[in-house]
Amino acid sequence: MGDSADDKPKRDRPWIFRTYAGHSTAAKSNALYRQNLAKGQTGLSIAFDLPTQTGYDSDHVLAAGEVGKVGVPVSHLGDMRTLLEGIPLAEMNTSMTINAPAAWLLSLYIAVADETGAPREKLTGTTQNDIIKEYLSRGTYVFPPGPSMRLIKDTILFTTKEMPKWNPMNVCSYHLQEAGATPVQELAYALATAISVLDMVKGSGEVADGQMGEVVGRISFFVNAGMRFITEICKMRAFVEMWDEITAQRYGVTDPKQRLFRYGVQVNSLGLTEPQPENNVYRIFLEMLAVTLSKKARARAVQLPAWNEALGLPRPFDQQWSLRAQQILAYESDLLEYGDIFDGSVEIQKKVDALIRQAKEELATIERLGGAVAAVEMGYMKQQLVESNTRRLEAIERGESVVVGVNKFTESEPSPLTGGLDAIMTVPPEVELEQIARLNAWREARDARAVETALNELRRAAKEGVNVMPASIACAKAGVTTGEWGAVFREVFGEYRAPTGVPKAARQVGGEQLEPVRAEVERVSQKIGRRVKFLVGKPGLDGHSNGAEQIAVRARDVGMDVIYAGIRFTPAELVKTAKDEGVDVIGLSILSGSHVPLVRDVVERMRAEGLDDVPVVVGGIVPPEDAQTLKAAGVAAVYTPKDFQINQIMSDVIRIVEGAAGKAA
């Protein structure tokens, strides 16, 4: 006999189902959001394009080729209105992945809410607003650490007072794992970030007595879950225990609800493979289990990548497939009918205790250095991540870390899922021109005097230390653009270029695998009469620098002279560096989908400067048809995620340099 109605256990409510989405235009993204909500998605997760993420308008020189590629362009209030049209903001839980200009995008969101009658006290959602991890991994920072932290403080104080259901900061360890962080580093660096922010807020004197618990209770986290399934479960349980202890002891929070470790998750995209991409479906599901099985450490919101993200932008069907995985687990299984199934497990607790012990040791190191901001400015945390990522990649190269379909079990049937031009979504080039036309029309139609008045008030707030949120909201309502808002803070705060971690990363001096490549570098260097000089560059706004860093480190370790200055250079700046430094090869790393226009720009500028004898190689998420386009434009080689043997890439680069030198002779 089956269970009677009285015998059936009470089911917990499922987590919030999200997909990280946004592309092309505000109108097309709005249609996608409505479509996903109709399919059972229960919250929004907005992806902004790179110009928006870095505080530029769509017509800025650095925005060329980037508009609408990795997210939706939002240049002003009109774009935000279109993006949110028909979505009841008072009832929606909205996550916005935005950092350096988080105060601005939140102001635009509030302005739309005010217009549509959604009370601020009912607005529910999250602004990521974690600038520390941007310096370490994702690269959409703009301002120096000090002023950036002040902007975070202003949003926290404003939302605590006026938007009590809003999470003003989402401490984000997701991108730390993408940059190679170990579980211990994820724990330590994320918690160090939270501590640095809360210490700043507490020390500001702007929080009323007894209100620190309200501040702490609105800080949430955004984490990553990789393939080491048991370790990831234990990592999440360690987060819960450590956060409870920190909030109670360091900040005196007595309400257990305010000490809860509340987190959302997107599971690992770093481990998604280009070869046999259908295997990624299993990886994504297993990683999802790591953040849902343990009730005490269960995610509050889950968004899953799509199986084909190592190939390019996922289509609506691909996003639906990931959404259905969540729904099947939540509604078809009995997961939500039970308490925590890991309580009392000796093995689980032993691993949790080990992670906590090691994370506390690393936290103590960061404290001795002066805290998270100081550890960023001196390059300590970035260096540690570069070294961890190097070890991770070397283990894959040696076959010690098995990746099915990549370095083991590589024999494969052709996949029926990946054929044809429509296997991934692409953003047509006219999207950028149309967005710029709408932006110009917006500028023409607004009240210029009102804009100037609002910007002057914003500038005053920035200079005088006044909370910037009221002035930012006034700017939003006056018609100020994203680039104009960003320009005020660039003027007042200045811009910043974070340490790359490459110069101080540990050198690999031994190893049989490196010796043949070193010998080739030495031979070709003698042949051309100088040490081979390799410029590794990141044109445009793509801040995902992990691949570029690893190429730079390995090129250094095999004996090349390496020039790598980090992210966010224009094609003109890279070509000038190539000419001034007399480089022998240029490597361009682009993961934002803007590879065709940016690489063409670089190649054309090199020809104009008489550098057409200097070969160019490209790395990134480049579909096969785009690789052919780049080679036809003059690129010597294109590398994608399937090319995991970095020593082989180094050998190729040396061969290419030798061939170019032979032609020039």
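Every chain's residues receive numbers from 1 upward, in the order its sequence appears when written. Two thresholds apply to this predicted model, a pLDDT of at least 70 for residue-level local features and 80 or more for giving and counting side-chain atom pairs, whereas whole-chain, interface and lining totals are computed over all residues. Hydrogens and waters are ignored; side-chain quantities use all the structure's heavy atoms.

**Q** When you look at the environment of V622 in this model, what are you seeing that I'm missing?
**A** Strands are runs of DSSP state E lasting at least 2 residues, helices are runs of H or I lasting at least 4, and numbering of each runs from the N terminus. Assignment of secondary structure puts V622 in the loop between strand 14 (616-620) and helix 24 (624-632). Look at V622 and you get buried, because its relative accessible area is 5%. Sequence-wise, V622 and W243 are 379 residues apart; in three dimensions their C-alpha atoms are separated by 40 Å. Residue contacts follow a heavy-atom distance rule, with two residues in contact if any of their heavy atoms lie within 4.5 Å. If near-sequence neighbours (up to four positions away) are discounted, V622 is found in contact with H595, A627, L630, V638 and T640. Burial status follows relative accessibility: with a 1.4 Å probe on protein chains alone, a residue under 20% of its type maximum counts as buried, one over 50% as exposed, and anything between as partly exposed.

**Q** How should I be thinking about the layout of surface pockets in this particular structure?
**A** Gaps left between atoms are located by rolling a probe of water-molecule size over the structure's atoms. Of the two site types, the cavity is a set of points on a 1 Å grid over the protein atoms alone where a 1.4 Å probe fits but cannot get out, and the pocket is an open set with protein on both sides within 12 Å along at least five of seven lines, each lined by residues with an atom within 4 Å of a point. Grid points are joined across faces, edges and corners, and a volume is the space filled by probe spheres set on the points. Of the voids in this model, the second largest pocket is the one considered here, and its volume is about 1,000 Å³. Lining the second largest pocket are 37 residues, with W15, I16, A299, R300 and A301 sitting closest to its centre. When contributions to the lining of the second largest pocket are tallied by element, the ones reaching two or more residues are strand 1 (16-18), strand 4 (93-97), strand 5 (124-127), strand 8 (219-223), helix 10 (229-249) and strand 9 (263-266). Note on residue classes: Ala, Val, Leu, Ile, Met, Phe, Trp, Tyr, Cys and Pro are nonpolar, Asp, Glu, Lys and Arg are charged, and everything else, Gly too, is polar. Its residues assigned to classes, the lining of the second largest pocket comprises 14 nonpolar, 10 polar and 13 charged.

**Q** Would you take a moment to explain the packing of aromatic side chains for this structure?
**A** Here a Phe, Tyr or Trp ring, Trp counted by its six-membered ring, pairs with any other such ring whose centre lies within 6.5 Å, and the pair is stacked when the planes are under 30 degrees apart, edge-to-face when over 60, and tilted otherwise. In total, this model carries 19 aromatic pairs according to the counting rule given. A ring pair is formed by F143 and F493, whose centres lie 5.8 Å apart and whose planes are at 80 degrees; its orientation type is edge-to-face. One end of the pair, F143, is in the loop between helix 5 (131-138) and helix 6 (145-162); the other, F493, is in helix 19 (residues 482-493), and 350 residues separate them in sequence. In this structure F143 comes out as buried when scored by relative accessible area, which is 2%. Ring centres of F317 and W321 lie 5.9 Å apart, and the angle between their planes is 40 degrees; this geometry places the pair in the tilted category. Here F317 and its partner W321 are both found in helix 12 (residues 316-332), four residues apart, which amounts to about one turn of the helix. In this structure F317 comes out as partly exposed when scored by relative accessible area, which is 47%. Each member of the aromatic cluster is reached from another via a ring pair, and the members are W104, F143, W485, F489 and F493. Seen from the ring of F409, K408 lies directly overhead, with NZ or CZ sitting 5.2 Å from the centre. Both a distance and an angle decide whether a charge sits over a ring: NZ of Lys or CZ of Arg must be within 6 Å of the ring centre and within 35 degrees of the ring normal.

**Q** Help me out: how do you make sense of helix 8 (residues 183-203) in this one?
**A** For helix 8, with 21 residues, the first-to-last C-alpha span of 30 Å sits near the 30 Å given by 1.5 Å per residue. Of all 21 residues that make up helix 8, 16 are buried, and the element is covered over most of its length. Just downstream of helix 8, G205 is the residue with a positive phi angle, here 75 degrees. The span expected for a helix works out to 1.5 Å for each residue beyond the first.

Shape descriptors only; they carry no functional weight alone.
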